[in-house]
Amino acid sequence: MSRCLQLAKNGLGNTYPNPMVGSVIVCDSKIIGEGWHQKAGQPHAEVNAINSVKETELLEKSTIYVSLEPCSHFGKTPPCSDLIIAKGIKKVVIGTVDPFAEVAGRGIKKLLNAGCEVLVGILETECQTLNKRFFTFHQKKRPYVILKWAESLNGFIAPDAESRNKKEPFWITTKTSRQLVHKWRAEEQSILIGANTVKADNPSLTTRDWAGNSPTRIIIDRELSLSKEATVFDQQVPTLVITTLEEENKPNLKYIKVDFTKNLPAQICEALYTEGLQSVIIEGGAKTLQAFIDEKIWDEARVFKGSSIFQSGVKAPVLKAIQNSKNTMLNDDILTFYSSTND
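Calculation notes
- Residues numbered from 1 in each chain as written.
- Predicted model: local features only at pLDDT ≥ 70, side-chain atom pairs only at ≥ 80, totals over all residues.
- Heavy atoms only, no water.
- UniProt positions renumbered as here; feature names shortened; annotations may be inferred.
- Salt bridge = Lys/Arg side-chain N within 4 Å of Asp/Glu carboxyl O.
- Helix = DSSP H or I, 4+ residues; strand = E, 2+ residues; numbered from the N terminus.
- Pairing = 2+ DSSP bridges.
- Buried < 20%, exposed > 50% of the residue type's maximum accessible area, 1.4 Å probe, protein only.
- Polar contact = N/O pair within 3.5 Å; in protein donor to acceptor, adjacent residues only side chain to side chain.
- Core = buried A, V, L, I, M, F, W, Y, C linked by side-chain atoms within 4.5 Å.
- Contact = heavy atoms within 4.5 Å.
- Domains from an automatic or database assignment.
- Buried area = accessible area lost by both parts, 1.4 Å probe.
- Nonpolar A, V, L, I, M, F, W, Y, C, P; charged D, E, K, R; others polar.
- Axes fitted to C-alpha atoms, helices over the stretch in contact; angles between N-to-C directions.

Per an unreviewed UniProt entry, the recorded name for the protein chain is Riboflavin biosynthesis protein RibD, and the organism is Leeuwenhoekiella marinoflava. Turning to the protein chain, the UniProt record has this under Function (unreviewed entry): "Converts 2,5-diamino-6-(ribosylamino)-4(3h)-pyrimidinone 5'-phosphate into 5-amino-6-(ribosylamino)-2,4(1h,3h)-pyrimidinedione 5'-phosphate."

Next up, the structure:
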């Protein structure tokens, strides 16, 4: 199962809306086939593992390991449980049950009804953690929320506007840290910022410094006050605008009306769930990040601390009563990962 998890991770960022899955086929204590789900719409892990077996006559006396319950429904590909049965594989070891309503135990039931021996719950926690985005989306009906920001050594995320060069973004972190952020963007389905961040930095929110898909951009623009010349409105990447006003949609640019007098983070998560977005990185600004923290709608935070010191500026968000954290050094930056203890 450890090998299944290792294989599954190869699909990070490419399998949405499907989960990452790895599969290994063992005969007489020897691996004879393995595979993973590489991209949505393409064959699932079990199919790739079975197709990699050269001596197909060995399948009937083999055990197939898979990190997530084999599917039982017709989607873009046929059910994997049917293929396992058709190939005569008699023993199936499964990491965890699939939370998706179209599966949710049906694949296991189909295998059992066909006479297969099925073992479930091997490295279950690890298998669920691997697909934390997928599980959060289907169980909590919202995207997996990642908070990310960079702060100075004394706790500011930006200097005062008067001390900034408005023609260039002000970087707190090193180039290495910024490249890592682009890698993270390629791994998630969406990225969110508030209007003030657009005004201050005019970001593109793309994966310019890393190979991979750029995430869907989510922009909070209550009164549609942002300039249409801002880079986030260039229609090069799917973009959603959260607003109070009605506005005509354009290609790759959709407006979503919400009530700003009510719980905004919850409404945003509901909108992203409706759009089928399983994960979101919230990159700013401080007010937007703090709103999600205060409403306890977040799953993890990734906080960079640079070496610069500001005399004054915009205070960094405050994470309250957090104990689950770990630090790592990244050149001159300190990167801290926090895990939410919210239910």
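That covers the picture; the talk isn't over yet.
Visitor: Looking at this structure, how should I read the pattern of salt bridges?
Guide: If charged atoms from side chains of opposite charge come close, those side chains can pair. Counted by the stated rule, this structure contains 17 salt bridges. Note that R3 is salt-bridged to E34, the shortest N-O span being 2.6 Å. On the criterion of sequence distance, the pair formed by R3 in helix α1 (residues 2-8) and E34 in strand β2 (residues 30-36) is long-range, its members being 31 residues apart. Where K254 meets E275, a salt bridge forms, and the shortest distance between an N and an O atom there is 2.6 Å. Of this pair, K254 sits in strand β11 (residues 253-257) while E275 sits in the loop between α9 (264-274) and β12 (279-284); the two residues are 21 residues apart in sequence, bridging distant segments of the chain.

Visitor: Looking at this model, I keep getting lost on the pairing of β2. Mind explaining?
Guide: Walk down a regular strand and you will see the side chains alternate between the two sheet faces. Relative to β2, strand β1 (residues 22-27) is paired through six bridges, and the arrangement is antiparallel. Along β2, the bridge assignment pairs G22 with W36. Turn length for the β1-β2 hairpin, with the two strands adjacent in sequence and antiparallel, is two residues, and the turn residue D28 shows positive phi of about 55°.

Visitor: Explain α9 to me, please; I cannot follow it from the model alone.
Guide: For an α-helix, 3.6 residues make a turn, and residues three or four places apart therefore share a direction. Along α9, the residues classified as buried are L264, P265, Q267, I268, C269, A271 and L272. The backbone nitrogen of A266 has a side-chain oxygen 3.0 Å away, supplied by the residue at the start of α9, namely N263. Where α9 terminates, the next one or two residues include G276, which has phi positive at roughly 80°.

Visitor: Got a minute to help me understand the nonpolar core in this structure?
Guide: Soluble globular proteins tend to bury their nonpolar side chains together. By size, the foremost hydrophobic cluster in this structure holds 31 residues, and its most contacted members are V145, L147, W149, I242, I268, I282 and F292. Residue assignment for this core shows that the elements contributing at least two residues are β6 (144-151), β7 (156-159), β9 (216-220), β10 (239-243), α9, β12, α10 (286-294) and β13 (300-305). Here the element with the most residues in this core is α9; it accounts for five residues. Other than its neighbours up to four places away in sequence, W149 contacts I157, L289, I293, R302, V303, F304, A316, P317 and L319. In terms of nonpolar packing, the next biggest core, distinct from the first, is built from 25 residues, I191, I193, L253 and I281 among them.

Visitor: Looking at this model, I keep getting lost on the domain arrangement of the protein chain. Mind explaining?
Guide: Segmenting the protein chain into domains produces domain 1 (1-133) and domain 2 (142-339). Contact with domain 1, which involves seven residues of that partner, is made by ten residues of domain 2. Where domain 1 abuts domain 2, roughly 790 Å² becomes buried across the two surfaces, and 46% of that area is made up of carbon and sulfur atoms. Contact with domain 2 buries area across many residues of domain 1, yet Y16, K132 and R133 alone supply 68% of it, more than any other trio. Here domain 1 is connected to domain 2 by two salt bridges. Linking K132 and E300 is a salt bridge whose minimum nitrogen-to-oxygen distance equals 3.0 Å. Summed over the shared surface of domain 1 and domain 2, the result is four residue pairs in polar contact (both at pLDDT 80 or more). Classifying every residue of the side of domain 1 that touches domain 2 by side-chain character gives three nonpolar, two polar and two charged.

Visitor: Even after reading the chapter, I still don't get the side chain of S72, so can you show me in this structure?
Guide: Relative to the helices and strands, S72 resides in the loop between β3 (63-68) and α3 (80-86). Residue S72 is classed as buried on the basis of its relative accessible area of 13%. Beyond its immediate chain neighbours, meaning those up to four positions away, S72 contacts P79, S81, E102, V103, R106, G107 and K110.

Visitor: Please explain the sheet that holds strand β5 (residues 117-120) as it appears in this structure.
Guide: Each strand in a sheet pairs with another by means of backbone hydrogen bonds, the pair being arranged parallel or else antiparallel. With respect to topology, five strands assemble into an open sheet ordered β2-β1-β3-β4-β5, the strand pairing being mixed. The open sheet has two edge strands with one neighbour each: β2 and β5. Along the sheet, successive strands turn relative to each other by an average axial angle of 15°, direction set aside. Where strand β4 (residues 91-96) and β5 come together, four bridges link them in parallel fashion. Of the residues in β5, the one forming a bridge with K91 is E117. Seen against the sheet, helix α4 (residues 106-113) touches β4 and β5 and runs at an angle of roughly 150° to β5.

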